[in-house]
Every structure is written in structure tokens, then in C-alpha cells.
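# A structural walkthrough
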Number of protein chains: 2
Amino acid sequence: MNEKRHLWLPFLKSDLPENLTTPAQTARAELEQAGIAAKLNLVTDMGESWSVSKDGSEITGGETGVLYGAYRLMMARAAGEALPTGVQTPRYPLRMINCWDNADGDVERGYSGRSLFFEGGKFDYDPARMRQLGRLLASVGINVLCINNVNVRDPAHRLIEDWLPELAKLADIFRAFGVRLMVSIDYAQPIRHGIPTADPLDERVAQWWIEQTKKVYAAVPDLAGYLVKADSESRPGPFTYGRNHAEGANMLARALAPHGGVLVWRCFVYNCQQDWRDAKTDRPMAAYQHYAYLDGQFDKNVILQVKNGPYDFQVREPVSPTLLAMPKTTLAIEFQLAQEYTGHQIDIYAMPPMWREVYADMGADRVQAIAAVSNLGRDGNYTGHPFAAVNLFAYGLFAWNPDETPEHMIALWCRLTYPDMDAASRETLVGLLMNSRAVYEKYTAPLGLCWMVARGVHYGPGPDDYEYDRWGTYHRADRDAVGIDRTANGTGYVLQYPPELRARYETPESCPDELKLFFHRLRYDYVMADGRTLIQRIYDDHFEGYEQAKAMKATLENLPLPSRDREEALERMDRQIKNAREWCDIVNAFFHRFSGAEDAHGRTLY
Amino acid sequence: MNEKRHLWLPFLKSDLPENLTTPAQTARAELEQAGIAAKLNLVTDMGESWSVSKDGSEITGGETGVLYGAYRLMMARAAGEALPTGVQTPRYPLRMINCWDNADGDVERGYSGRSLFFEGGKFDYDPARMRQLGRLLASVGINVLCINNVNVRDPAHRLIEDWLPELAKLADIFRAFGVRLMVSIDYAQPIRHGIPTADPLDERVAQWWIEQTKKVYAAVPDLAGYLVKADSESRPGPFTYGRNHAEGANMLARALAPHGGVLVWRCFVYNCQQDWRDAKTDRPMAAYQHYAYLDGQFDKNVILQVKNGPYDFQVREPVSPTLLAMPKTTLAIEFQLAQEYTGHQIDIYAMPPMWREVYADMGADRVQAIAAVSNLGRDGNYTGHPFAAVNLFAYGLFAWNPDETPEHMIALWCRLTYPDMDAASRETLVGLLMNSRAVYEKYTAPLGLCWMVARGVHYGPGPDDYEYDRWGTYHRADRDAVGIDRTANGTGYVLQYPPELRARYETPESCPDELKLFFHRLRYDYVMADGRTLIQRIYDDHFEGYEQAKAMKATLENLPLPSRDREEALERMDRQIKNAREWCDIVNAFFHRFSGAEDAHGRTLY
């Protein structure tokens, strides 16, 4: 916990002083420590924007802008990169990290140790480490940190009650880094205070939130706002009272509006008590059904936060149609840096190529904010796997400018994190990371099928683990075919898309291979574009994925990594290979037993 | 916890005094309270045996015998039964209950509340409730109570160390009921005391046990002995040191011998890290492989405790071949009253018919002792489901005399437990209980297949939950067939049986239907004796089982049960029906998807 690692900022020499209160002060302190004699021109109106003179001698920007400029100047120098010219402005004003930290110190879906902020039912953190985290976040332009789990459990509701003085103290630390705090709230919180309902149209409820929010902003005047998960996975919400989600969100937003706060409302709403026998209800359709018709009905300071795909952070999903259906609503796209379904920060999985694909289908301007579930924890290296930090780093850059290429973001991370590594090795590492998602995808669930993961833990294979369960995530494999028909002839999910994407997905022939089993039910003998049958493609992908995982180890062993990172990475690599082997053999056995098809290359099927 | 229920002893009027120290005193106190003026003739040499004069005016027996005689006299009178004539002697000298209670108060596989003995890492019990339990146990002749889990976790090892004074206090309570305590020990316990090994042939290890056991018997002179789970499911054991289990058990037995204690050694040893790809290793063969060759090598005071079947308390297993293979060894058969795989004391499951079948194949004289995993807990009614008490009751009677019929034991329990119930209703209840295992068997895993249960929790269906796991429990279902060939052509498991049973099991035709899939791999179109195909039989059984569960509810609703029992039983009945429906539909869907076979009666398959 007290280990000092600067991750992609290894050029930092020492801790920052405790008495910094503004980002501009921090900028000065950092530049001084780095021995860079740049002049800061503070232009308050510029806000987060910044520019650096060609020779790097002047940084011009708003209060936060100069800090961002300073970090980018330092990073450009460390990486030997040219500085960008002209005024740099973030694409989105809110670039958020959502921590799923519980007050008891546990992190929901956390794979890098205990909570950074809490332990034993109360605040418990190392202020020096908070400042270190502030540096990391500010260096890549992340400006909102939601510190507690969206599943708010006792006593986390106290964050906006008697824990406000402590919340204010933490906010003081991050303020110097341009990072505003956010808190997840319990939608039913008024009920804890003698109000017999949480009906958003009940005056007592609205009034409670108005009064309570006044107290919150008296303590933390620049709080970014509230994050809410309502009517989702057994959380309370407006549906309990026969209200829609606009009514629920607007009520809260109106309590925040006078203080400049936003209300971030997660659109992760679906029936989590589905009967597996029910083939009509199709979970990926749920968010669109619950929200699209409400477009235009949300207050200005409401942000609907929508997961990138319609399911739940699977390795491969099409873009969520909800993101394409609400032009009159402020939307945030939500990614998950925590590798819940993507290897638990044991398996290597660099996400930028996936974000890129989503954006290619969505367009950056469909959303007005961006959020990501944190992969941070109390581990010395913050992210469990030393390479998992690349996702936090790149997320910040991508949130600032979604036109950043995956190659550049990953290469920059490598160069900054391992400044002593030779260029050839660095290129190898970049290649390994760039390809890591493709490898993981191959040895896990095939061709967009999703959810073949071990129940509950979500690491390792469990082809049938969700098949007869209540989560609405079925593949319905049988002896002839696999997948759900989501065309107009099936559940109709494809109709939620605008014409171009609809046309792409609506026939097996037009649908790209990697999503074929997301949209279509196909026979095992279905012939893919390259002439292979579906079943042979499943076998081939899995065998290839496993082979590639093994090859990654050989690559890793030859990389000149610092010894600590090397140990951590190799120890995890062995677990990844074991995982890849299990996935490969089990998924192949699963389909072999159904289909009876032998492998064309005579490899062993169990 | 303080609720007073007398279960099958409702005729008891009040608590017993605290100052009773011998079973004979208890016998007098009970008779007095019951207003029965019977004379007690104490004949010390008779030990546990007893006889009652025809008119019930005299009970003759040993110290414990008179207590047993007194209870049987009271129960016979309450039930309106004739008294047995002649001297009654138990078939087995040790009639044991194994509690899987942990020091933290949790009960492993416990479905009736917290531990009776422990809470929060220490002893914590209500002495009055202990006396009540003593009455229940003594009334059915159970004479050994092992109070802690065979998986001994810190701090339970302290039971034979600094907790000895408290162990002695508890022993004092039960002594008045003829119940001797036993404790589960940690095979590696000497390692906690500076000895660098637990090698049974190391003199320091043997000496440590000798010394420690002296201290134990100084505190509890009539302790029954130690119970050990070694080299099993990650417990330490002799294999760690290259020794066999005779060497391990004898070392401990020699520490106990001078004090008259026995060493009960559980034979639940198998490879719990099996690779699911490995089709050669066959878990049911493990106990025989580990123990049969050691027959004759165990000391006289060693008891090998062998589960009734070769797997692990599944609904239907053949008798364990180990029980038939060790004539020169003292054996105990182990049943499980806790309904781990048989409905968690939610579903109704009366076990006597199953014991009867096992004994029919084994013969009562193959074993010299009997044990059962407890179904007891801190719940008001001790066993969660009020009907689950029938298993504890009947177990005691069966352990005393395995010739008792299931019908009689169950009918007697009904009559004693519900003395006010009319004869017709009682007959209905007896029928419901007698048939309950058959119903449960039908809606769960078919035809001896086993292990289609939800992973970990062991309640509800999970057809593939253990299929790709490390526990050695595979069905290997595919599109054509299901089951493991355990004949001489397959794993050879059937060869572990003596000729008669071998002949019965070795061909699909000779093998009884209910075990066909335990011994054979069969195609779905295999034609059973009654002309139905295997797949149709699977469908039929499951649909019937579900229908029968629903019918049980109707029966239950019409029974004139006391209101508390009625509420508890009906609340559980609804859960049982839900469970039966899930089992039925999921197992049928599972096989339908593999086989493609439609139901001959057109019922819905998913």
C-alpha cells in the first residue's frame, strides 16, 4: 500500500507537497520538480483547455488547463514526442471514473486489491497515495472520480450525510488535480429518514433531496454530482412507484441544478429475474425499451450513462442501440476498465482497439460525456497486472480525444512506463498489447456469443453456467445449432438500430463474423465467408487462441521488463495460459458433444 | 434458540434437573416426570442392553440400558405399541452422530441454523438445550456425538488443547444421557507445536499424540475417541509423508488405546484435482483402491468410516464396494442426515428406505459401527424442516437394530410426533414420507447418474455444473449417449464388487433401472425393460416427479398438523415445488437439446 510507483510517470522524482490547493499550483510544483522552466499563463476562461508554445517555454490555459498542459509537456519530453500545436480542448467536459468501492473495503469486481478509499466501514486512505492517484488521473485528463459503488450498501449512504466532513477532506486533495468527486447515492435514501416513500413525484421526497443536497454542496461546493443505479439488479427505483425514469432522474437533477451538479443515471435496466424458458424477452433490448421513448424528457443536467454494448461488458458486443436513439438527451458512454469478463487483470487485455470499434459504429458526437468503471485498487501497482495500467492511461487520452489511435496510446504508455526499454522490445510489447484482446476473444466465447463464462466469478469457462439461470443471457445451443435469432423474424433486436447498422447485422451473410452468433442462430454446418463451417471456425479459433496465449508467454519472457513488473506479469501469464487451455478445451468439448463434428485437423476434442 | 420443542417426545412435561450425572439417574427422573412407576434393576454387566417386564413394571439393564429401556417404555406407551420381549441389545456398540459444526458457529452443509455448540470462535451453548438434545439422542439410542467438523479449522484444534475444561463441561451434560463425546482432530496438529512434521512414523509425532491424548483423557475420561479426515479434499495426511493410511491411523490409535478410545478414520479419499479430460481415473473407485489392500493392517481400535456409496451421498448410489472388501477391519458405515444433495431440509426426503436398500446389498454384519452426519442446528425444531427430524429418529432406531423396517420407524415417528393426529391422516403422512425419496429422485438426476446438482451449493439443478470441473464427477453426455462405462470394458469399477453384485451390475440388462446410468454408458434410444427408450424414461420420470411434488402439497394442506409445523412445512413445500419444476424442465431441456428426441406425450421441452 505504501509502495511508491509512478506507473507512466516514472520521471516524477518525489511526492508533492501537502499544501497544494489549485491545479495551477500543482502545475508549478510539478514543473519545478521536473526542472522545466516553463512560464504559466493563466487565462481563466480557457477552463480545461491549454496550449504550449512551440519551444515549450510557455503554457497557456485555464486553471486546470495549465496543469494538463504541464503534464502533457512533461510526457512529451519524456517520450520524445512533438507537442501538439494549437489550443487543446477536451471532447467531453465530463471524463469520469466510477469506482465500485464498498465502505467495507471490498471492491466489487475489483482485481487489484482492496479499496483505495475505504476499509472496515469507514474512510481509510493514505493521503500521499491519493495525491499520487491525483497525478495519474490529471496527467491523462480524467476530471471526475466517483468514489463509491453504484450498489450503495449501508453505510455508504452516509457519504452524503454524516460523512460529509470527510468527503470534503478527500475532495480537497483531489481539487489540486482538477479532479472533482462524485458519489453514488441510494435512490431510496429518503426512506431512511422517516419518509414513507421514495416516489419521485412525492413532494416530501423531492424536498428531502433538495435539503440534503444543500448540505452536501455546503461541504463540497464543487462536487460533480450524483451517480445512480436505480431499478437495476434489485436496486430500488422509480418503477417501484409506477414512475418512469425521466421522472426519477429529473427529481434528483433539480436538487443538484442550483449547485451546478449533474445527475448521472445508469441505464443498466433489465429483468434480472427472467425465466430461462421465456424465449420472447431478449435482454439486449431492455435499455432501449426503457429509455429511447423518453428522449427529450430529461432535464439539462441529467446524463444517461449507457454501457458500450447492450449486454454487460462482454468481450465482443455490438454498440448499444440506446446510444444511437436519444439525440435530445445528454448521454455518457460507459466502458469497464475493470476486467470483469475480460480476464480479471490476470489475462492481458488492452482495451483501446475495442473502444475504437465502438466509436467507429457510434460516432464520437453521439455522446456528450464518457465514463469508465475503475480498475484501481490498493495493490502497489494500482491495477493488479502492471500492463492493466495501459487501460487507465489510454482511457484518459481517449476521453480527451476519441480520435487518438489505439496504436499511439499504447505506444505512448509503453514508452513512458518503460523508458529504458529498447525500441525493438517496445514495439514487441506494443504488438502484444494491441493483439491481446483478439487472443482473449479467440479462446473464450466464440463469434459474439457471450456469457459462456463461469457463473458469479466471471473468470474461466462455464458454457452452460448462465443457460438455465435468471439473467436473460442464453445461447440455446443444441445438437444442430447455436445462438439467438435477433432479426425481425426473431426477437427483433436488430430493429432497434438505425438503417445502416440494421442492414449490416440483419442477415448472417452481411453480419461480420465476429458478431454472427450475437445476431443469428446458425447451424453448425453453416458455411462462413472463408468456406469454413461454423463448427470448424469455433474449433480453429479456440485452438489458435490457446496457441497464441502460449506464444505471448515466450514473447513476454524475452522482454527486458523491470524485475518487479516481470515477476508480476510472468506469474499472471502462467495463469492466463491455464485459463486459455481450459476455455479452449471446454468450449470445444461443449460444441463437439452437441455437434458430433470432428476437427478437420484431427486435434483432440474431449 | 430457547424455544422448547420435544419433537418425538412431546409427552415430556418439563426440563430435567441440572444435577443428573448418570443415565440411571436420568431414567428415574424421566419415569417420575412421566408418572410411570417402573422399578429399575441395574445390572452393570448388561451395559446398554435392557429388557422390560411384560406389564412394564420393571426395567432391567445396565447403566445406560435402563435409560434406553425407560425411553422405549415411555414411547411404547405413548404410541400404544407393545413392548419388545426379551433382552434388547444394540447391533453396534458405536452409534455415532458427526456434527460438522465449526468454531465460528457456522455448520458445514447445515440447513437448520447455526451451530448447537459454538459461536464466534468459542463454545457457546444453552445447557438446557443440550439436555434436551441428550434426551432426543438417548431416546433413540445414539451414544456418540462428535461435536466438530471433520474439516478442522483454527481454532477448533483447541478442543483438545486449552479448551479441554470446556469440553469436559459439555461431556458432563451428555454423560447423563449415555452419550459420549468425540472430537474431530487435525491430522497435522503436532506441527502447530514446533514439531516440523506430521509423519506418522516420526517418533516425535507419535509421542506428541500420546502426551496430548493423556491430557485429553484426564479431562474427559470417557471420550469416545477421535475422528479424522486425512488426505481428503486438501486436508493433510499420511500421503504427505509417503505413508499409507494404516500407518497414519495406527499411530493415532495407539495414543488412544490405553484410554479405551477409538480412532475413527474417514475413507473419503479421492483425487479432488482431477483433470476433467482424464477418462481413465474414476472417482468411485478411489476408496477401494486406497483401503482394500490394507485389510488386516489396522489396529483393533481403528474404525474405518466408509460412506454408504462410492461417491458422496447422492440420491442414488450402489453400496460402496469398500464396505464389502475388508472383512478383517472394523468398519463403520456413514450416512448423511444433513440433506446436502437431497433437498437441504427444504424438500421432503425421508431416508430409511434408502438405508434399507443399502443394507439389503451389504448385509448388516459387514460393518461393526454406524455413523451419520448430523442434520441438527440451532433452529427451534432442530432440523429446519419439521419432518427432517424423522431421519434423526429413524437413524437411532436403525443403528440399534438394522432390521427395523422403514415403515415401522416412520410410522412410529409420526405417532409420537403428532399424537393427536387421526389414524387416517397419519397413514397419509407415513405414505408421503415413505415415498418422498422416490419423488425427489425422479425430478432430480436420472437413473443413478448423480452430480447434476448446482455447483457448490448442491441445491437445484446444474446438469453441466460438475462436468468440466476437478471433482471427478462426470456424465459425459453428448448427442448420442450419456453415462460412464464402469464395466470391465470401461473403467473396471464393477470389478471391485463381489461376484453376486458384479453380475447384477455388469450388463445394462441385468442392472436395475435406477442404477443403469451409474454403471453404463447408454444411447438415448436404448430400450429399457419396460419398452420405453432411455430418453423417454428420463422425460417421464422428471415430469412425474414434478407432478408428484405438486401432489404432495395438496396432501400436506389436508393434514391436521400443529400450526407451527404446518406453516414451516407449507412454506418449504412451495420452495420444493419450485425446485422440482426447475429440475424437471432443466434436466429435460438438457437432454432434449442433446438428443433431439421429442416427448412421446407431447409435453413441452425447452
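Glancing now at the overall build of chain A. When its secondary structure is counted, chain A shows 15 helices and 15 strands. In summary, chain A has a C-alpha radius of gyration of 24 Å against a globular reference of 25 Å for 606 residues, a match within 12%. On the principal axes, the C-alpha backbone points of chain A span a range of 70 × 65 × 45 Å.

Turning next to helix α1 (residues 23-34) of chain B. Residue and element names in this part refer to chain B. Taking 1.5 Å per residue, 12 residues should reach 16 Å; α1 reaches 16 Å between its end C-alpha atoms and fits that length. Looking only at α1, the buried set comprises Pro-23, Ala-24, Thr-26, Ala-27, Glu-30 and Leu-31. For α1, the angular spread of buried residues about the axis comes to 155°, placing them on one side. Where the residues of α1 are buried, they touch β1 (39-42) and α2 (63-79). One or two residues past the end of α1 sits Gly-35, with phi positive at roughly 70°.

Residue and element names in this part refer to chain B. With respect to topology, 3 strands assemble into an open sheet ordered β1-β3-β2, the strand pairing being mixed. Both edges of this open sheet fall to β1 and β2 (50-52), since each of them pairs with a single strand only. Neighbouring strand axes in the sheet, compared pairwise and without regard to direction, differ in orientation by 15° on average. Pairing analysis gives 3 bridges linking β2 to strand β3 (residues 58-61), with the strands arranged antiparallel. The partner of Ser-51 across the bridge, within β3, is Thr-60. Packed on one face of the sheet, α2 meets β1, β2 and β3 and runs near 145° to β3.

The next point concerns the relation of the copies chain B and chain A. With an axial shift of 0.0 Å and an RMSD of 0.0 Å, the rotation relating chain B to chain A amounts to 180°. When the rotation and shift are considered jointly, the pair of chain copies conforms to a two-fold rotation axis. Interface overlap between copies is the fraction of interface residues in one copy that are interface residues in the other; for chain B against chain A it reaches 100%, indicating a shared surface.

Here we take up the sheet that holds strand β11 (residues 302-307) of chain B. All names here are of chain B. Taken in spatial order, the 8 strands of this closed barrel run β4-β7-β8-β9-β10-β11-β12-β13, and their pairing is parallel. Neighbour to neighbour, the strand axes of the sheet diverge by 25° on average, direction disregarded. Where strand β8 (residues 180-185) and strand β9 (residues 225-228) come together, 4 bridges link them in parallel fashion. Counted as the bridge partner of Ser-184 is Leu-227 from β9. Lying over the sheet, helix α9 (residues 389-400) contacts β4 (94-98), β12 (331-336) and β13 (369-373), oriented at roughly 155° with respect to β4.

With that settled, the discussion passes to the confidence of the model for chain A. The predicted model of chain A has a mean per-residue pLDDT of 97, with 99% of residues at 70 or higher. Here the prediction assigns the complex a pTM of 0.95, and the interface score ipTM is 0.93.

Residue and element names in this part refer to chain B. Here Leu-331 shows up in strand β12. Note: C-alpha distance between Leu-331 and Gly-120 (211 residues apart in sequence) is 35 Å. Ignoring anything within four residues of it in the chain, the contact list for Leu-331 reads Ile-303, Leu-304, Val-306, Leu-323, Met-326, Arg-366, Val-367 and Gln-368.

Moving on: the nonpolar core. Membership of the largest hydrophobic core comes to 401 residues, with the highest contact counts inside it found for Leu-181, Met-182 and Leu-263 of chain A together with Leu-181, Met-182 and Leu-263 of chain B. Each residue touching Met-182 of chain B, except ones within four places of it in the same chain, is listed here: Met-96, Val-144, Leu-145, Cys-146, Leu-223, Ala-224, Gly-225, Tyr-226 and Leu-227 of chain B.

Residue and element names in this part refer to chain A. Once the domains are mapped, chain A shows domain 1 (1-88), domain 2 (94-417) and domain 3 (422-484 + 521-606). Using only C-alpha atoms to locate each centre, domain 2 and domain 3 end up separated by 29 Å. Taken together, the contact pairs 38 residues of domain 2 with 34 residues of domain 3. Where the side of domain 2 that touches domain 3 is concerned, the elements lending two or more residues are α8 (352-362) and α10 (406-417). Counting residues per element, the side of domain 2 that touches domain 3 draws most heavily on α10, which supplies 6 residues. Looking at side-chain class alone, the side of domain 2 that touches domain 3 contains 20 nonpolar, 10 polar and 8 charged residues.

Moving on, we get to the packing of helix α5 (residues 203-219) of chain B against helix α6 (residues 245-256) of chain B. All names here are of chain B. Where α5 contacts α6, the two axes come as close as 8 Å, and the packing angle between them is 35°. By crossing handedness, the relation of α5 to α6 is classed as right-handed. Within the contact between the two elements, α5 uses Val-205, Ala-206, Trp-209, Ile-210 and Thr-213 and α6 uses Met-251, Leu-252, Ala-255 and Leu-256. For the contact of α5 with α6, the per-class residue count stands at 8 nonpolar, 1 polar and no charged.

A few words on the environment of Pro-93 of chain B. Mapped onto the elements, Pro-93 of chain B comes out in the loop between α2 and β4. Sequence spacing of Pro-93 of chain B and Ala-325 of chain B is 232 residues, and the spatial spacing of their C-alpha atoms is 21 Å.

Residue and element names in this part refer to chain A. Of all 5 residues that make up strand β4 (residues 94-98), 5 are buried, and the element is covered over most of its length. Alternating positions in β4 separate into two faces, Leu-94, Met-96 and Asn-98 on one and Arg-95 and Ile-97 on the other, with burial throughout. Relative to strand β13 (residues 369-373), β4 runs parallel, the two sharing 5 bridges. Across the sheet, the residue bridging to Arg-95 is Ile-370, located in β13. Pairing of β4 with strand β7 (residues 144-146) involves 3 bridges; the strand directions are parallel. Across the sheet, the residue bridging to Asn-98 is Cys-146, located in β7.

Here is what the cut-offs are and how they apply
- Residues numbered from 1 in each chain as written.
- Chains lettered and ligands numbered in written order.
- Predicted model: local features only at pLDDT ≥ 70, side-chain atom pairs only at ≥ 80, totals over all residues.
- Helix = DSSP H or I, 4+ residues; strand = E, 2+ residues; numbered from the N terminus.
- Rg over C-alpha atoms; globule rule 2.2 N^0.38 Å.
- Expected span 1.5 Å × (residues − 1).
- Buried ≥ 20, exposed ≤ 12 C-beta atoms within 10 Å, placed from the backbone.
- Arc of directions from axis to C-beta.
- Contact = placed C-beta atoms within 7 Å.
- Pairing = 2+ DSSP bridges.
- Axes fitted to C-alpha atoms, helices over the stretch in contact; angles between N-to-C directions.
- Least-squares fit on C-alpha atoms with pLDDT ≥ 70 in both.
- pLDDT = per-residue confidence, 0-100.
- Core = buried A, V, L, I, M, F, W, Y, C linked by C-beta atoms within 7 Å.
- Domains from an automatic or database assignment.
- Nonpolar A, V, L, I, M, F, W, Y, C, P; charged D, E, K, R; others polar.
- Left-handed = near helix turned anticlockwise from the far one by under 90°.

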